[in-house]
Amino acid sequence: MANLSQYTNLPHQAGVGYKAQHLNDILAAPDDLAWIEIHAENYMGDGGRPIAQLRHLREHFPVSCHGVGLSIGSEMPLDTDHLQRLKHLVDWLQPAMFSEHLAWSTHEASFLNDLLPLPYTQKTVDQVVSHIQQVQETVGRQMLLENPSTYVAFAQSDRSETDFLAEVVKRSGCGLLLDVNNVFVSATNQNYSPEGYIDAFPTHLVGEIHLGGHEEDSDELGAPLLIDSHSRAVVDPVWQLYDYTLAKMGPCPTLIEWDNDIPEWSVLTNEMSLANDLLERHAQVAAQ
Amino acid sequence: MSDFQAEFSSALLNPDIPTPEGVVNPDGKPATKRFDVYRNNVVHSLVSAMEEAFPVVKKIVGDGFFQAMATQYVRRNPPHDPMIMFYGDRFPEFITGFKPAESLPYLPDVARLELARRECYHAGDARPLDVSALSEIPEDKFASARFTLAPSLRLLDSLYPVHSIWHFNSVAQIKISNPQEWIMLTRPEFDVVPYLLDHATFTFVQCLARYQPLESAIAQCETITDDFDLSAAFGLLFQAGIVTNIET
């Protein structure tokens, strides 16, 4: 019999990236948390504590499964061993959502452990579409593709990121994960309008939103250079851009992402309530 | 453009290779510092993974030494797949060939032990048999019985007292007196539990883990010692909860 989860959807509320150090806080007040997200690669061992914790958590919360290692933007074929590991995880976990990145991280036999950028051309659209189709066929479900944060551009790019994504979703049938912090980081680094990006984004296909913190630096010419670090609170301009986004598309499941310098649980619940306040306000507007 | 990712990834791992052509800032100008963000992310994230994976090696050599050694390792041996939880499998051999670590000949085995502990931690779960399973083996099948041991079992023999060195640097400052050690790692539930074995018992477990019939395991142990205590060895196996099946 299929191991179906009772949680097939993410609620239109704030969720959090699960970290093992918060397990006791989470289980002490499970009603205060609407959903969790996990990084798929952390649960690809054969057993032991991580798997046992996830089996327990999936009984209590909807889970969004977020891959960081598929290298969908690679110009090489996908790693089929890794794809099978992902399929195995999705098969037993039955997550409410599954997402991956518009980025590459593997070249030949090397996994570089970072989300690397790609030029936006017809050739890379074709590669990404074919990889997404392969993933969706193997895993047997639709995936969401996340917009990246980028620090550089490519001379050979011949279209915008939003045009690129629009063609990818149209041809592959995937949905989108809109990382609002990534929009702010990339727009600042690439010198375009973040609101203009949101305006051009196919928001009707967004199944999940990410919010996170970034670090500020500058390049050798003194231009601002923001670094997507997931190590801090969401900054005010990103909350404003989130507000702008919700006004356009309505409420959507929203993740607070914090992967480095992980804070006390109360810091994360505070970030989640800020997101929930905005989600509630936009739900009321939508109901009017 | 077909090889842009080859060029990009080589430059990420090798600081002597310049920023790839065509990597630009918003005005179409070269973007060296921007590209360096990716260089830093790659090396920093992998060195951090190594620090998490080899805390005792790091403690023995110190933060600065470890960073330098791990950075060289990362640049020469990037992960071969996204399973970062197992990254560093070639680190013991790397340390063996790493000149500045020459004065610490036991260091590669400490790294081997830390790798084995991680494998043990993430290995598949299994339900152990009770010791009563032994009495169910028909007497005439005893010699040919083969044992399946828990997937989390890891065995490590070292010419150095590496478990004691590990313990000294991560749990408590014990007196280290063993000249060499035979180590068995088990994982009864979620935490790794180490055992120090004598040479014969270690060989016994190793033979069973290789699915050799009981009589051949015993014969091997008897080449090591004249007074191999089979019932004590079985007592340990079942107390450690590592026997998951017996084939007769």
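The following refers to the structure shown.

What counts and how
Residues numbered from 1 in each chain as written. Chains lettered and ligands numbered in written order. Predicted model: local features only at pLDDT ≥ 70, side-chain atom pairs only at ≥ 80, totals over all residues. Heavy atoms only, no water. Helix = DSSP H or I, 4+ residues; strand = E, 2+ residues; numbered from the N terminus. Expected span 1.5 Å × (residues − 1). Buried < 20%, exposed > 50% of the residue type's maximum accessible area, 1.4 Å probe, protein only. Arc of directions from axis to C-beta. Pairing = 2+ DSSP bridges. Axes fitted to C-alpha atoms, helices over the stretch in contact; angles between N-to-C directions. Contact = heavy atoms within 4.5 Å. Polar contact = N/O pair within 3.5 Å; in protein donor to acceptor, adjacent residues only side chain to side chain. Left-handed = near helix turned anticlockwise from the far one by under 90°. Salt bridge = Lys/Arg side-chain N within 4 Å of Asp/Glu carboxyl O. Nonpolar A, V, L, I, M, F, W, Y, C, P; charged D, E, K, R; others polar. Core = buried A, V, L, I, M, F, W, Y, C linked by side-chain atoms within 4.5 Å. Domains from an automatic or database assignment.

Concerning helix 8 (residues 236-249) of chain A
The periodicity of an α-helix, 3.6 residues per turn, causes residues three or four positions apart to be oriented the same way. Residues and elements named next belong to chain A. Here helix 8 is 14 residues long and its end C-alpha atoms lie 20 Å apart, about the 20 Å a rise of 1.5 Å per residue gives. For helix 8, every residue scored as buried is listed here: Val 238, Trp 239, Leu 241, Tyr 242, Thr 245 and Leu 246. Each buried residue of helix 8 lies within a common arc of 160 degrees when the element is viewed along its axis, so the set occupies one face. Away from its buried face by more than 90 degrees, helix 8 exposes Asp 236, Gln 240 and Ala 247. Count one or two residues on from helix 8 and you reach Gly 250, which has phi positive near 85 degrees.

Concerning the sheet that holds strand 3 (residues 154-158) of chain B
Residues and elements named next belong to chain B. Judged by pairing direction, the sheet is antiparallel, and its 3 strands sit side by side in the order 3-4-5 without closing on themselves. Every other strand in the sheet has two partners, leaving strand 3 and strand 5 (193-197) as the edge strands with one partner each. With strand direction ignored, the average angle separating the axes of adjacent strands in the sheet is 20 degrees. Across 5 bridges, the pairing between strand 4 (residues 181-186) and strand 5 is antiparallel.

Topic: helix 8 (residues 199-209) of chain B
All names here are of chain B. Counted residue by residue, helix 8 has 8 buried out of 11 residues, so it is predominantly covered. Taken together, the buried positions of helix 8 are Ala 200, Thr 201, Phe 202, Thr 203, Phe 204, Val 205, Cys 207 and Leu 208. Elements that come into contact with the buried residues of helix 8 comprise strand 2 (146-149), strand 3, strand 4, strand 5, helix 9 (214-224) and helix 10 (230-239). N-cap assignment for helix 8: the residue whose side-chain oxygen lies 3.0 Å from the backbone N of Ala 200 is Asp 198. After helix 8 finishes, the residue Tyr 211 shows a positive phi value of roughly 65 degrees.

Side note on the packing of helix 6 (residues 180-190) of chain A against helix 8 of chain A
All names here are of chain A. At a minimum axis separation of 9 Å, helix 6 and helix 8 run at an interaxial angle of 115 degrees. Considering only the axes of helix 6 and helix 8, their crossing is right-handed. Side by side, helix 6 and helix 8 meet where Val 180, Asn 181, Val 183 and Phe 184 of the first sit next to Pro 237, Val 238, Leu 241, Tyr 242 and Thr 245 of the second.

A word on the sheet that holds strand 1 (residues 14-17) of chain A
All names here are of chain A. If you walk around this closed barrel you meet the 8 strands as 1-2-3-4-7-9-10-13, and the pairing is parallel. Averaged over all neighbouring strand pairs, the angle between strand axes comes to 30 degrees, with direction disregarded. In this sheet, strand 10 (residues 206-212) lies alongside strand 9 (residues 175-179) in parallel orientation, the contact comprising 4 bridges. Residue pairing for strand 10: Leu 176 is matched across the bridge by Val 206. Contacting strand 1, strand 10 and strand 13 (254-257), helix 9 (residues 265-287) runs over the sheet at an angle of about 150 degrees to strand 1.

With respect to the environment of Asp 198 of chain B
All names here are of chain B. Secondary-structure assignment places Asp 198 in the loop between strand 5 and helix 8. Judged by relative accessible area, which is 43%, Asp 198 ranks as partly exposed. For the pair Asp 198 and Trp 182, spaced 16 residues apart in the sequence, the C-alpha separation amounts to 6.4 Å. A polar atom in the side chain of Asp 198 sits 3.0 Å from the backbone nitrogen of Ala 200.

Thoughts on the pattern of salt bridges
Scanning the entire structure with this criterion turns up 19 salt bridges over all chains. One salt bridge in this structure joins Asp 217 of chain A and Lys 33 of chain B, with 3.5 Å as the shortest N-O distance. Here Asp 217 of chain A, found in strand 11 (residues 214-218), pairs with Lys 33 of chain B, found in helix 2 (residues 32-53), and the two come from separate chains. Given a relative accessible area of 36%, Asp 217 of chain A falls into the partly exposed group. Given a relative accessible area of 30%, Lys 33 of chain B falls into the partly exposed group. The salt bridge involving Asp 125 of chain B is made with Arg 187 of chain B; its shortest N-O contact spans 2.6 Å. On the criterion of sequence distance, the pair formed by Asp 125 of chain B in the loop between helix 6 (107-122) and strand 2 and Arg 187 of chain B in the loop between strand 4 and strand 5 is long-range, its members being 62 residues apart. Accessibility expressed as a relative area gives 7% for Arg 187 of chain B, which makes it buried. Overlapping salt bridges bring together Asp 126, Asp 158, Arg 159, Glu 167 and Arg 171 of chain A as one network.

A short note on the packing of helix 1 (residues 4-13) of chain B against helix 2 of chain B
Residues and elements named next belong to chain B. As a packed pair, helix 1 and helix 2 sit with axes 8 Å apart at the nearest point and diverge in direction by 65 degrees. Seen along the crossing, helix 1 lies across helix 2 with a hand that is right-handed. When helix 1 is examined against helix 2, the residues Phe 8, Ala 11, Leu 12 and Leu 13 are found in contact with a partner set consisting of Phe 35, Tyr 38, Arg 39, Val 42 and Val 43. Taken together, the residues of the contact of helix 1 with helix 2 sort by class into 8 nonpolar, no polar and 1 charged.

Side note on the nonpolar core
Judged by nonpolar contacts, the single largest core of 127 residues is most densely connected at Leu 145, Leu 211 and Tyr 242 of chain A together with Phe 8, Val 57, Met 69 and Phe 91 of chain B. Residue contributions to this core peak at 10 residues, all from helix 2 of chain B. Each of two domains, domain 1 (1-104) and domain 2 (124-248) of chain B, supplies a minimum of three residues to this core. Sequence-distant contacts of Leu 145 of chain A, defined by excluding residues within four places in its chain, comprise Ile 72, Glu 100, His 101, Leu 102, Val 128, Ile 132, Leu 165, Val 168, Cys 174, Gly 175, Leu 176 and Leu 177 of chain A. Among the nonpolar cores identified, the runner-up in size contains 32 residues, and Ala 145, Leu 236, Leu 237 and Ile 242 of chain B belong to it.

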